[in-house]
Amino acid sequence: GTLDELNATATTVCLDWDGTGWVMGPTNNPASLVRYVLEGKANARRIPVARIDLLGLQGWHGRCVAGGRTYNAVRDFSSTVYETLRDICTIGRASPTMRDGQFSVVEDLLQANASQIFSPRNSWGFKSTKTLTTRPHALRCRFVNAEKGYQQDVRIVYDDGYNADGTGGLTAATLIEDFDLPGCDNAGLAYRHGRYNIAVNKLRPELFSLSSDFENLTCTRGDKVEVVHDVPMLAMGQARIKSVTMNGSDEVTGVTLDDSLLMVNGQTYGLRIRRRDGQQVLVGLVTVA
């Protein structure tokens, strides 16, 4: 006869990174799903593998595994390729981008080295905007809970110092905002995303922007850069090196700058130098008041 209704738990089968190579298998890892969207049959303009940043996706795949970040959603609606990539990347704490002509992702990662230094010597039009908003006491994270038969569920995630009823020396949360998590299917992941977004809202209230010429080509979206400017009081100043003082062992003992910088007794100073090849060197200075 005819089936009136069919229920199933489905999993995408596509190329998945296993640590050594890309193999076909069931997966819900955001990195594998991004590749699937780019070169899969649903994409009318499939992207050849040569234009996909596989090395970047492989690193992101491992970090998604370590963080327990998986994308699980029923996409039974029409959407653009970019919107689909954006939704998948969001659950993996990233965003889609182009890097050196390849489709890749930008992750929110701690970076030790900066790819460029910007100062009033090589930029202009510096602007700073600070968002002064009332931060919520908690987020009402809405997601589909696999442990409850894939029904809509809610996880309240509190900011530091707040809880539901104000017990234990904490403050009762009264300002709670909704926060949707499409693709999230477990309460633990919803909690971590909620805490992360609370931290972003609290610790990143400022937006800086500036204009530059071709010196911007050394950095891409997501790269860490150093900025020197007197308006937000980032570093004490900037200058160009006019000459270098050497000792008998061909070691640099001092530099002469094309501008004056004030030193104060009791303070420790450092000099970050951008070399001709773009590499950066950070050296300590002898304080001369």
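Look a little higher up for the structure.
Residues numbered from 1 in each chain as written. Predicted model: local features only at pLDDT ≥ 70, side-chain atom pairs only at ≥ 80, totals over all residues. Heavy atoms only, no water.

A.B. asks: How do you make sense of helix α1 (residues 30–39) when you look at a structure like this?
C.D. replies: Because the α-helix completes a turn every 3.6 residues, residues three or four places apart line up on one side. Along α1, eight of the ten residues are buried, which leaves the element largely enclosed by surrounding structure. Buried within α1 are the following residues: P30, A31, S32, L33, V34, R35, V37 and L38. Elements that come into contact with the buried residues of α1 comprise β1 (13–17), β2 (22–26), α2 (54–67), α3 (81–91) and β4 (102–107). For α1, the capping residue at the N-terminal end is N29, with a side-chain oxygen 2.9 Å from the backbone nitrogen of A31. (Buried < 20%, exposed > 50% of the residue type's maximum accessible area, 1.4 Å probe, protein only. Helix = DSSP H or I, 4+ residues; strand = E, 2+ residues; numbered from the N terminus. Contact = heavy atoms within 4.5 Å. Polar contact = N/O pair within 3.5 Å; in protein donor to acceptor, adjacent residues only side chain to side chain.)

A.B. asks: I'm lost on a nonpolar patch on the surface in this one. Help?
C.D. replies: Residues I241, V244, M246, V252 and V255 make up a contiguous nonpolar surface patch of about 400 Å² in total accessible area. Looking at the nonpolar patch, the elements that each hand over two or more residues are β14 (241–246) and β15 (252–257). Here the nonpolar patch gets three residues from one element, more than from any other, and that element is β14. (Patch = residues over 30% accessible without salt bridge, like charges linked within 9 Å, V, L, I, M, F, W, Y side chains within 5 Å. Areas by Shrake-Rupley, 256 points an atom, 1.4 Å probe, with all protein chains shown as cover. Salt bridge = Lys/Arg side-chain N within 4 Å of Asp/Glu carboxyl O.)

A.B. asks: Could you clarify how one ought to interpret the packing of aromatic side chains in this entry?
C.D. replies: Each aromatic ring pair is described using two quantities: the centre-to-centre distance and the angle formed by the ring planes. Summed over all chains, the structure comprises two aromatic pairs. Ring geometry for W17 and W22: centres 5.7 Å apart, planes at 55°, overall tilted. Among the residues examined, W17 registers a relative accessible area of 16% and is labelled buried. A residue is classified by how much of its surface remains accessible, and W22, at 17% relative accessible area, is buried. In this structure, R35 packs its charged tip against the face of W22, placed 4.8 Å from the ring centre. Between R93 and the ring centre of Y196, over which it is positioned, the NZ or CZ distance is 4.0 Å. (Phe/Tyr/Trp six-rings, centres within 6.5 Å; stacked < 30°, edge-to-face > 60°. Lys NZ or Arg CZ within 6 Å of the ring centre and 35° of its normal.)

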